[in-house]
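Each chain, letter by letter, is given below.
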Amino acid sequence: MQPYSPPGAQSAPRRIERLEHSISSAGIALWEFNPITGERHWDAQMYRLTDWPLDQPPPSVGTFREQLVLPEDHDRHRRAQETVELGADVSEIEYRIRTPDGRIRHLLSRCRAERDAAGSLTRVFGTTLDVSELRAAQSAAYDAAQREKLTADAVGIGVWDHDAATGDIHWNDAMWRLYGRAPGATAPRLDQWLGLLHADDRAESVHKALRALDLDDSFESVVRVWRPDGQWRQIAHRSRIERDAGGRALRQIGVAWDVTEQKLAAAADHARAATERASRAKTEFLSRLSHDLRTPLNAILGHAQLLALDPEIELPELARHRINHIQQAGWQLLALFEEVLDISQIESGALRLRPRQVPLAPLLDEVVGLIAAAASERQIETRIVIAPDAPDTAWADRTRLAQVLGNLLSNGVKYNRAGGLLSVSVQAEDGSAVIAVRDQGHGISERQLEALFTPWSRLGMEASNIQGHGIGLAISLKLIEAMDGRLEVRSEPGIGSEFRIRLRAGLSDAVEAAPPHTSATLRNDIGGTVLLVTAVDATYEQLATWLRRRPRVQLVQAQDNDSAAVLAAVVQPDLILIAAGADATRAIALKTRIATQTETARLACAIWLDDPAAAAHDPADWPADLDAAEFLSRIDRLLPRC
Ligand code: ADP
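Residues numbered from 1 in each chain as written. Predicted model: local features only at pLDDT ≥ 70, side-chain atom pairs only at ≥ 80, totals over all residues. Heavy atoms only, no water.

## Quick word on the site of the ligand
Thought 1: Looking at the ligand, there are 21 residues lining it, with Asn 411, Tyr 415, Asp 439, Arg 458 and Leu 473 nearest.
Thought 2: The backbone of Gly 472 places a nitrogen or oxygen atom 3.1 Å from an oxygen atom of the ligand.
Thought 3: Here an oxygen atom of the ligand sits 2.7 Å away from a polar atom, N or O, in the main chain of Leu 473.
Thought 4: Notes on the ligand: free accessible area 530 Å², of which the protein chains cover 97%.
Thought 5: Counting residues per element, the shell around the ligand draws most heavily on helix α12 (residues 398-414), which supplies three residues. (Near = heavy atom within 4 Å. Polar contact = N/O pair within 3.5 Å; in protein donor to acceptor, adjacent residues only side chain to side chain. Areas by Shrake-Rupley, 256 points an atom, 1.4 Å probe, with all protein chains shown as cover. Helix = DSSP H or I, 4+ residues; strand = E, 2+ residues; numbered from the N terminus.)

Take a look at the structure:
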């Protein structure tokens, strides 16, 4: 079907037809009307755009508005019509129509008016273009841009846009906030922006920006921004440059966000890592130093012991007294090395604990035995009180718990009044095992309590003649905390102090049968000399600690087979104990040499195996998993009573 056309229009020259055809293929509709005759003409494209029935003449402007234009756009449409009627030669209007099948179209109409000499309208003609797709695309882009803007604003991402042609720069609200300024002001130009940065960041920023323009199209940098509220913030920027086909920069679009916290966290991580490295280096240094110093110190102590013990050497009383001093000072020095090592290991996190169910009664018995001699020197009565409901065990590293209790008890002796009472008790409290060490000393004031667990603080005791380094309690606290426990203190100046260790209580049936602890009690009726053959200081320390329960037993150390053979011949010990370590063959060789050497053949000699899997070649040899009680009961069996 052909669109309706007035007869005159069909006689138009072919040239015009072709023009109309090309205009129509561009989607542009043509229309015209004569206000004097009322004659109206639409081309086929205009019919297509409006879906107006092809067999109908084009509607009047009023009918067009009433039947097609959306009511919301009526006013605008009418105003455009009036503008032309009132004298404007050109008018442009965009409006929406609803086609008979219900679709909405956005139309852009441009019209021209022709008038006669008197100014009356003679002809109105124009074009109409369907801009629906463009508007839809723009609306989608707008929605997307709006969404982006909202999201960006909500998460604090600044967005900026620099138009290379006009030089216009736009910042979103978040961008302003990042720079600590009220949104809306004119965005700074490059030179003004540089002025907002830390002076040290400007040169690099310019360099990067220019490089991005010239070369690689992307720009990334983190700059320090000075904000009017007095803060320096670190702002990361990333941008991209859009270019035309010829490579000319059209615009630069960028995002920015605050990375101050990340940078601070990264700096803190860096500092922490550096501190940890330094701390590890310190620990390594201290452990090497401690080891290097302990070796000669052990030699000093060993020779001092030899001097004191050698029956061939007749020493005057004064010399014995001085040798005794050398030994005491040596032990103190050794203890200090241990403490320094402990605290540095704790601080560096290198300390490894082996928590397990620890039977408490034998442990208390053992540690009280260790301070018994010192206590009796000051006429301090020691007492162990185990409440009827006390848990049998606590979850702890046995050696370290013994160390803590040893420290608390030795403080209880040192800072007690002469003739005072020192008690250690166990009781159950809220499912925990509480071990309390109570003394009747001068107590600790509230102000002193604040610094009690600070390493190297002696709270005024440095002026006294009481020995100490102010580090034991700091170590104790860390050790108990590492066992998931708590160390609490209560003190009344002039009355005394109570230190309470709170640990997870264990179940008695979870424990292997505890060795009879009677053997671990202090015994003064066992005496003699033990020659321990080991190059490992820790082994020597362990046995030395256990042997403090047998104060009349002397421990002498030999570090290798040759010196062991000589020492055995000179000292004639009551027991030679060879710690096998990793080298069982060396231990067996020494045992054979001892047995075959005339001066030593009669001496008791046993190998202390290191590897529990290595079958003892002699039932007299000592097992690897020996603990204090078992060790002492063997000592009691082998060494003479005195
Ligand atoms: P040290 O005893 O070697 O000085 P500690 O870390 O064990 O080190 O103790 C720190 C300080 O706390 C001591 O120097 C002492 O002043 C005080 N202190 C510790 N235990 C007691 C106690 N039972 N009674 C009074 N003061 C104590």
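That was the structure; now back to the text.
## A look at the pairing of strand β1 (residues 28-33)
Thought 1: When β1 meets strand β5 (residues 121-130), the two strands line up antiparallel, connected through six bridges. Directly across from Ile 28, in β5, lies its bridge partner Leu 129.
Thought 2: Here three bridges tie β1 to strand β2 (residues 40-42), and the two strands are oriented antiparallel to one another. Each bridged residue has a counterpart across the sheet, and for Trp 31 the counterpart in β2 is Trp 42. (Pairing = 2+ DSSP bridges.)

## Looking at the packing of helix α9 (residues 260-309) against helix α15 (residues 537-547)
Two numbers describe a pair of packed helices, the interaxial angle and the distance between the axes.
Thought 1: Running from amino to carboxyl end, α9 crosses α15 at an angle of 50 degrees, the nearest separation of the two axes being 11 Å. Classed by the angle they form, the pair α9 and α15 counts as oblique. Between α9 and α15 lies a crossing of left-handed hand. Note on element contacts: α15 touches α9 through Asp 537, Tyr 540 and Glu 541, opposite His 291, Arg 294, Thr 295, Asn 298 and Gln 305.
Thought 2: Partitioning the contact of α9 with α15 into residue classes produces one nonpolar, four polar and three charged. (Axes fitted to C-alpha atoms, helices over the stretch in contact; angles between N-to-C directions. Parallel < 35°, antiparallel > 145°, perpendicular 65-115°, else oblique. Left-handed = near helix turned anticlockwise from the far one by under 90°. Contact = heavy atoms within 4.5 Å. Nonpolar A, V, L, I, M, F, W, Y, C, P; charged D, E, K, R; others polar.)

## Overview of the pairing of strand β16 (residues 486-492)
Thought 1: In this sheet, strand β17 (residues 496-506) lies alongside β16 in antiparallel orientation, the contact comprising seven bridges. Each bridged residue has a counterpart across the sheet, and for Glu 488 the counterpart in β17 is Arg 500.
Thought 2: Remark: three residues form the turn of the hairpin made by β16 and β17, two consecutive strands paired antiparallel; Gly 494 in that turn has positive phi of roughly 90 degrees.

## Some points on unusual backbone geometry
Across residues other than glycine, the phi torsion is negative in most instances, and most of the peptide bonds are trans.
Thought 1: Its identity is not glycine, yet Gln 379 carries a phi of approximately 55 degrees, on the positive side.
Thought 2: The topology assignment puts Gln 379 in the loop between α11 (360-377) and β12 (381-386).
Thought 3: On the basis of relative accessibility, which here comes to 56%, the residue Gln 379 falls in the exposed class.
Thought 4: Positive phi outside glycine occurs at Trp 456, with the angle close to 65 degrees.
Thought 5: Structurally, the position occupied by Trp 456 is in the loop between α13 (446-450) and α14 (472-482). (Buried < 20%, exposed > 50% of the residue type's maximum accessible area, 1.4 Å probe, protein only.)

## A short note on the sheet that holds strand β21 (residues 605-608)
Thought 1: Across the sheet, which stays open at both edges, the four strands sit in the order β19-β18-β20-β21 with parallel pairing between neighbours. Bordering the open sheet on either side are β19 (553-558) and β21, each of which pairs with just one other strand. Taken pair by pair, the neighbouring strands of this sheet meet at an average axis angle of 25 degrees, ignoring direction.
Thought 2: Taken together, the four bridges between strand β18 (residues 528-533) and strand β20 (residues 575-579) define a ladder with parallel strand orientation. Residue pairing in the sheet places Leu 531 in a bridge with Ile 576 of β20.
Thought 3: Those strands touched by α9 are β18 and β19, and its axis lies near 130 degrees from that of β19.
Thought 4: In this fold helix α17 (residues 584-596) packs onto β18, β20 and β21, with an angle of close to 160 degrees to the strand it touches most, β20.

## Some points on the environment of Ala 361
Thought 1: Tracing the sequence through the fold places Ala 361 in helix α11.
Thought 2: For Ala 361, a relative accessible area of 27% corresponds to the partly exposed category.
Thought 3: Expressed as a C-alpha distance, the spacing of Ala 361 and Pro 391, which sit 30 residues apart in the sequence, is 9.6 Å.

## Side note on α15
Thought 1: Counting buried positions along α15 gives eight out of 11 residues, so the element sits mostly inside the fold.
Thought 2: Burial in α15 covers these residues: Asp 537, Thr 539, Tyr 540, Glu 541, Leu 543, Ala 544, Trp 546 and Leu 547.

## Quick word on the nonpolar core
Thought 1: In terms of nonpolar packing, the biggest core is built from 43 residues, with Leu 401, Leu 405, Leu 408, Leu 409, Ile 435, Leu 479 and Ile 501 touching the most fellow members.
Thought 2: Every element with two or more residues in this core is listed here: α10 (317-348), α11, β13 (393-396), α12, β14 (421-429), β15 (432-438), α14 and β17.
Thought 3: Not counting the four nearest positions on each side in its chain, Leu 401 is found in contact with Leu 360, Leu 363, Ala 396, Ile 435, Ile 480, Met 483, Ile 501 and Leu 503.
Thought 4: Listed in part, the 21 residues of the second largest apolar core include Leu 543, Val 553, Trp 622 and Phe 631. (Core = buried A, V, L, I, M, F, W, Y, C linked by side-chain atoms within 4.5 Å.)

## Describing the pattern of salt bridges
Thought 1: Evaluation of the coordinates by the stated rule reveals 32 salt bridges.
Thought 2: In this structure, Arg 398 and Glu 366 form a salt bridge, with 3.0 Å as the shortest nitrogen-oxygen distance. One end of the pair, Arg 398, is in helix α12; the other, Glu 366, is in helix α11, and 32 residues separate them in sequence.
Thought 3: Exposure remark for Glu 366: the relative accessible area of 7% places this residue in the buried category.
Thought 4: Across the pair Arg 438 and Glu 498 runs a salt bridge whose closest N-O atoms are separated by 2.4 Å. One end of the pair, Arg 438, is in strand β15; the other, Glu 498, is in strand β17, and 60 residues separate them in sequence.
Thought 5: For Glu 498, a relative accessible area of 8% corresponds to the buried category.
Thought 6: What you see here is one network of salt bridges that share partners, running through Glu 429, Arg 438, Arg 486, Glu 488, Arg 490, Glu 498, Arg 500 and Arg 502. (Salt bridge = Lys/Arg side-chain N within 4 Å of Asp/Glu carboxyl O.)

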